[in-house]
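# Survey of secondary and tertiary structure
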Amino acid sequence: VIAPTDATVLLLGETGVGKDVLARHIHKTSEREGPFIKADCGSIPDSLIETELFGYAPGTFSGGSKHGKVGLLEAAASGTLFPAEIGELPLSMQSRLLRVIQDKEVQRVGSTSSKKVDVRFIAATNKNMGKEVAAGRFRQDLYYRLKVAVLTVPPLRDRKSDILPLAHA
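Notes on the structure follow. (Residues numbered from 1 in each chain as written. Predicted model: local features only at pLDDT ≥ 70, side-chain atom pairs only at ≥ 80, totals over all residues. Heavy atoms only, no water.)

### Let's talk about the overall build of the protein chain
Within the protein chain, the secondary structure is distributed over seven helices and nine strands. Relative to the compact-globule value of 15 Å for 169 residues, the protein chain shows a C-alpha radius of gyration of 16 Å, a close match. Taking the principal axes of the C-alpha coordinates as reference, the protein chain spans close to 55 × 40 × 30 Å. For the protein chain, the proportion of its 169 residues judged to be buried stands at 45%. Counted over contacts in the protein chain with a minimum sequence separation of 6, partners at least 24 positions apart contribute 72%. Total accessible area on the protein chain stands at roughly 9,000 Å², and carbon and sulfur atoms take up 52% of it. Taken as two groups, the 23 positive and 19 negative side-chain charges of the protein chain have centres that lie 1 Å from each other. (Helix = DSSP H or I, 4+ residues; strand = E, 2+ residues; numbered from the N terminus. Rg over C-alpha atoms; globule rule 2.2 N^0.38 Å. Buried < 20%, exposed > 50% of the residue type's maximum accessible area, 1.4 Å probe, protein only. Contact = heavy atoms within 4.5 Å. Areas by Shrake-Rupley, 256 points an atom, 1.4 Å probe, with all protein chains shown as cover. Lys, Arg positive; Asp, Glu negative; His and termini not counted. Charge placed at Lys NZ, Arg CZ, Asp CG, Glu CD.)

This is the structure:
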């Protein structure tokens with residue numbers, strides 16, 4: 001029901017329950033022609049996450065590519081961006097991501113212009129996002145935009161029959 005739409009999806013569940021597999025399945029069964037791009041928000045250092053997600057314009061950094069760099073958001077054009085562990089995204093990046101979701105535009109670091117992007121978001125986290133919002137660690141407006149369709153994935157201990165199929169996925 002969710003896959004053929006362009007609705008933003010938020011996958012909730014413990015680490016290791018198969019949120020990544022489910023996100024890939026939603027993308028594969030969608031009508032999106034572009035790639036599935038995973039951005040692991042928990043493993044990208046805070047100092048690099050902005051350029052990884054948004055890319056950078058030519059000449060922005062000394063030692064950087066003279067042609068600039070496409071970010072993961074642009075790379076996912078016509079496809080799906082999967083920000084895994086979205087609850088780990090720094091607050092400063094949350095506002096930038098919110099603007100992409102709302103305006104469908106990406107602005108590379110060091111650029112003065114924006115580029116339209118058609119990206120579907122399927123985000124995942126193992127955190128209780130209501131508590132994260134209440135504690136001021138996650139923006140309420142971004143949480144509102146992400147939770148258009150929420151799927152809670154039960155732990156594998158409660159669905160042992162799924163272990164082998166997930167291992168082969």
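### So, the nonpolar core
Judged by nonpolar contacts, the single largest core of 31 residues is most densely connected at L53, L73, L81, I86, L89, F121 and F138. Elements supplying a minimum of two residues to this core: β1 (9-12), β2 (36-40), α2 (46-54), α3 (72-75), α4 (91-103), β8 (120-125), α5 (129-134) and α6 (140-146). The element that contributes the greatest number of residues to this core is α4, accounting for five residues. Apart from the residues within four sequence positions on either side, L53 is in contact with A39, G71, L72, L73 and L89. Ranked by size, the runner-up nonpolar core spans 11 residues in total, among them L11, A23, F82 and A124. (Core = buried A, V, L, I, M, F, W, Y, C linked by side-chain atoms within 4.5 Å.)

### Notes on unusual backbone geometry
In terms of backbone geometry, most residues other than glycine have negative phi values and most peptide bonds are trans. One non-glycine residue with positive phi stands out, namely S78, at about 65°. Among the structural elements, S78 can be located in the loop between α3 and β5 (80-84). A positive phi angle, near 55°, is found at K104, a position not held by glycine. Its location among the elements puts K104 in the loop between α4 and β6 (105-106).

### Some details on α4
For α4, built from 13 residues, the straight-helix expectation of 18 Å at 1.5 Å per residue is met to within 8% by its first-to-last C-alpha distance of 19 Å. Along its buried surface, α4 packs onto α2, α3, β6, β8 and α6. Positive phi appears at K104, one or two residues downstream of α4, with a value of about 55°. (Expected span 1.5 Å × (residues − 1).)

### A word on the side chain of T80
As for its placement among the helices and strands, T80 is situated in strand β5. With relative accessibility at 0%, the residue T80 sits in the buried group. Within polar-contact distance, the side chain of T80 engages the side chain of H27 at 2.7 Å. Contacts of T80, omitting those with residues within four sequence positions, involve H27, R32, P35, F36, I37, R120 and I122. (Polar contact = N/O pair within 3.5 Å; in protein donor to acceptor, adjacent residues only side chain to side chain.)

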